[in-house]
Amino acid sequence: MDFMTLLQVLDSTVRLATPLLLACLAGLFSERSGVVDIGLEGKMLAAAFASAAIAAVSGSVWLGLLAGIVSASLMSALHGLASITFRGNQLISGVAINFLASGLTVLIAQSWFGQGGRTPSLMGGGRFESITLPFANALRDVPVLGPIYAELISGHSILVYVAFLMVPLSWWVLFRTRFGLRLRAVGESPEAVDTAGISVVGLRFAAIGICGLLCGLAGAYLATGLQAGFVREMTAGRGYIALAALIFAKWRPVYALWACLLFGLLQAVALRYQNIDLGGITIPVQVMDALPYILTVIILAGFVGKAIPPRASGEPYVKER
Amino acid sequence: MDKMPAWADAVLVPLISILLAAILSALVILAIGENPVEAFNLMVEGALMRSAGWGYTLYYTTNFIFTGLCAAVAFHAKMFNIGGEGQAMIGGLGVALVCLFIPFPHWTVALLVAIVAAGAFGALWALIPAYLQAKRGSHIVITTIMFNFIASAVLNYVLVNLLRPQGAMDPATARFPEATQLPTFQDMFATADNPLFRGSPANVTFFLAVLACVAFWFLMWRTRLGYEIRAFGHSESAVKYAGISPVRITIVAMLISGGLAGMMALNTTMGEAERLVMNATEGAGFIGIAVALMGRSHPVGIFLAALLFGFLYQGGAELALWTNIPRELITVIQALVILFTGALDNMVRMPLERLFVALGRKDA
């Protein structure tokens, strides 16, 4: 494998890691506040459809992005209503949201566009164009660093850069602000937060709102950045891989970046090479497909480090009387 | 006692939840510009008015009974097994292996061996998540989700690389031998002058599913193990105090759960396709969650809920055939049922409880 091939694989790793990273950070905010979210997949899917549909109709990718964020936030609100307001089972609510998105997107797409559950292909202003960073072309001829800058770092759509900037931002919000401290506290010990006179419900809804926003970005990137338009089930389990990455990262933003890049790399390799030949031993493509899940199970099993979720996650908060 | 009567809890709450889901589904149909009344009539016509329609409805019902029971066993032990889909896939692998490699003299023998194989393979796939939950504290929901994807990869590998007949393009096994093919309702009930269930896939496994319901009831409410599972679901500390091992209950409950999911594969592989295809489960593992929630984890409820979903599935297929409403409508309805009977349970329950309390005061 020569240098350019390596760069191409890494380049597609960055692209494929972006939706995972956004969804993973979305789950991070939600779960840090004590609301387990297995509905990431559904929210992403809803956002992917809404952004592609609105971008196709209006011709503006920014309106599409907005629609994606709105639809993912609506799904989040539903999750909040069920799991915070009515103290329902958060897992069941997440499952319901995944099915709701899976069904509704195809239903509405068929009704609006009549193309078998897909949106028309997006062209021109309907997509996020790749951005060429300054001096990318001028520096291309510099050995080693030039191609890395021009191929790997430059030339992505804006949402990719947003996603990577979200990592330090999330870290700063969660670990350096008062809001972040309270958000983490409400996931560990809601009764303490409540005793301090801060609204548990308010904080959890805020966290879920951020989760909706980030899932919206993730879905919009899938349909308008990574691909040109919505097709049914286009998230293809990415929400669950993001969930796996979240566990892998032990609910920490910077670790989340590495986990998502790793899983993105696995996807990129599986996409480029069908079967990998390692001097006599052939690794079938299915192993690459399953590896994120297998790694997560191993991490969960506690054989390599221990993944401990926020203490109050999954439990609705009931005020004592 | 300021509580609702038991009948209201068991019947009224689910009924209202389903009613809410139905109203919302009708609104969805209206929103995409179709007529919900016509759609419903068409579904009834296609699923219930002809014997062939019933044949399909009962075929789907069979799947959903097995996966519903699978989810219900786990619910009784206060676990959430989302892995029914993966366990059913691997169960199918078990069925395919025995059907392809053991020369059976008659379908009855084949069925008995296949039941064991399907159950064992499904249970085995549930064993690792169960062990990890019981011994290492990894959350069963996450591990079973992961195992669904791993199962899909395993099945894909086995079908593409190992079991695919030479020259075949699609990832599927060869056709099972004649002797392992199960009698369909058509074989059993159709006569020369009364061709019932023509061409429909319902088969003898339907009766097996009904038997499983009875066995489930007996296990849960008439045996020591069932009592232990239910007690574990109510209070883990109480169970520990009574000297019952939580590790054993977790693992045994999940083995039963996985085994039931695996047995679903009998219907789809031996009963219908007569070979193992990649997408044999068709999401039935997930519908089991809705079925178990709606049926309140009781076999009678599960049977009725499975019948309802069987009707929805067959009706949905008819809709997709004759109207512009895609099959995904059923996914939406399924989501609404899970939402209202599962997650938004309190939304229905709390006002009802208040109502009954108010009524109770008036009487007193």
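Criteria and thresholds
- Residues numbered from 1 in each chain as written.
- Chains lettered and ligands numbered in written order.
- Predicted model: local features only at pLDDT ≥ 70, side-chain atom pairs only at ≥ 80, totals over all residues.
- Helix = DSSP H or I, 4+ residues; strand = E, 2+ residues; numbered from the N terminus.
- Rg over C-alpha atoms; globule rule 2.2 N^0.38 Å.
- Contact = placed C-beta atoms within 7 Å.
- UniProt positions renumbered as here; feature names shortened; annotations may be inferred.
- Nonpolar A, V, L, I, M, F, W, Y, C, P; charged D, E, K, R; others polar.
- pLDDT = per-residue confidence, 0-100.
- Expected span 1.5 Å × (residues − 1).
- Buried ≥ 20, exposed ≤ 12 C-beta atoms within 10 Å, placed from the backbone.
- Arc of directions from axis to C-beta.
- Axes fitted to C-alpha atoms, helices over the stretch in contact; angles between N-to-C directions.
- Left-handed = near helix turned anticlockwise from the far one by under 90°.
- Parallel < 35°, antiparallel > 145°, perpendicular 65-115°, else oblique.

Our focus in this paragraph is the overall build of chain A. Broken down by element type, chain A carries 12 helices and four strands. Taking 2.2 N^0.38 as the reference for a compact globule, 321 residues should give roughly 20 Å; the C-alpha atoms of chain A span a radius of gyration of 20 Å, in line with that estimate. Dimensions of chain A, computed from C-alpha atoms along their principal axes, come out at roughly 70 × 50 × 40 Å. If you take every contact in chain A between residues at least 6 apart in sequence, the share linking residues at least 24 apart comes to 75%.

Turning our attention to the UniProt feature "transmembrane region" (unreviewed entry) in chain A. UniProt records the feature "transmembrane region" (unreviewed entry) for residues 44-70, 91-113, 158-175, 196-223, 229-248, 255-271 and 291-309 of chain A in the present numbering. Structurally, residues 158-175 of chain A comprises 100% helix and 0% strand, and the distance from its first C-alpha atom to its last is 26 Å.

Interface size, as often reported, equals the accessible area lost upon joining of the parts. Each side of the interface is counted separately: chain B has 36 residues, and chain A has 39 residues. When contributions to the side of chain B that touches chain A are tallied by element, the ones reaching two or more residues are helix 5 (107-136), helix 6 (140-163), helix 12 (284-294), helix 14 (328-343) and helix 15 (345-363) of chain B. Considering each element in turn, the side of chain B that touches chain A owes the most residues, 11 residues, to helix 6 of chain B. Taken together, the residues of the side of chain B that touches chain A break down into 24 nonpolar, nine polar and three charged.

This brings us to the confidence of the model for chain B. Here chain B shows a mean pLDDT of 89. Residues at 70 or above account for 99%. When mean pLDDT is compared element by element in chain B, helix 8 (residues 205-222) of chain B scores highest at 95, while helix 15 of chain B scores lowest at 82.

The subject of this paragraph is the confidence of the model for chain A. Summarising the model, chain A shows a mean pLDDT of 87, and 95% of its residues fall at 70 or more. Here strand 3 (residues 276-278) of chain A stands out as the least confident element of chain A, with mean pLDDT 69; helix 6 (residues 158-176) of chain A is the most confident, with 94.

Residues and elements named next belong to chain B. Taking 1.5 Å of rise per residue, the 18 residues of helix 8 would be expected to cover 26 Å, and the 24 Å separating its terminal C-alpha atoms lies within 8% of that figure. Listing the buried residues of helix 8 in full gives T205, F206, L208, A209, A212, C213, F216 and M220. The buried residues of helix 8 occupy an angular sector of 155° when the element is viewed end-on, so they sit on one face. Exposed and facing more than 90 degrees away from the buried side of helix 8 are F207, L211, V214, F218, W221 and R222. Contact partners of the buried residues in helix 8: helix 3 (51-76), helix 9 (224-234), helix 11 (246-273) and helix 13 (299-322).

This part is about the environment of A:D37. All names here are of chain A. Mapped onto the secondary structure, D37 falls in the loop between helix 1 (3-32) and helix 2 (40-58). You can call D37 buried: it has 34 C-beta atoms within 10 Å. Between the C-alpha atoms of D37 and Y293, which are 256 residues apart in sequence, the distance is 17 Å. The contacts of D37, once residues within four sequence positions are left out, are G27, S30, E31, H79, G94 and C211.

Once that is clear, we can look at the packing of helix 1 of chain A against helix 5 (residues 145-153) of chain A. Residues and elements named next belong to chain A. Put simply, helix 1 and helix 5 touch, their axes get as near as 9 Å, and they point 35° apart. The way helix 1 lies across helix 5 gives a crossing that is right-handed. Residues L7, L10, D11 and V14 of helix 1 form the contact with helix 5, whose own contacting residues are P147, I148, E151 and L152. Partitioned by chemical class, the residues of the contact of helix 1 with helix 5 number six nonpolar, no polar and two charged.

All names here are of chain A. With their axes 7 Å apart at the nearest point, helix 2 and helix 10 (residues 238-248) run at an angle of 135° to one another. Taken together, the axes of helix 2 and helix 10 lie oblique to each other. Between helix 2 and helix 10 lies a crossing whose hand is right-handed. On helix 10, the residues that touch L40, E41 and M44 of helix 2 are R238, G239, Y240, A242 and L243. A per-class count over the contact of helix 2 with helix 10 returns five nonpolar, one polar and two charged.

We now examine the environment of B:A280. Residue and element names in this part refer to chain B. Assignment of secondary structure puts A280 in the loop between helix 11 and helix 12. A280 gets classed as buried once you count the C-beta atoms within 10 Å, which come to 25. Each C-alpha atom of the pair A280 and M264 lies 9.9 Å from the other, and the pair is 16 residues apart in sequence. Setting aside anything within four residues of it in sequence, one finds A280 in contact with G92, A265, T268, T269 and A273.

Here we take up unusual backbone geometry. The residue A:K250 is not glycine, and still its phi comes out positive at about 50°. The exposure class assigned to A:K250 is partly exposed, which follows from the 15 C-beta atoms found within 10 Å. Even without being a glycine, B:E274 presents a positive backbone phi close to 60°. Among the secondary structure elements, B:E274 is positioned in the loop between helix 11 and helix 12. Here B:E274 falls in the partly exposed class, since 16 other C-beta atoms lie within 10 Å of it.

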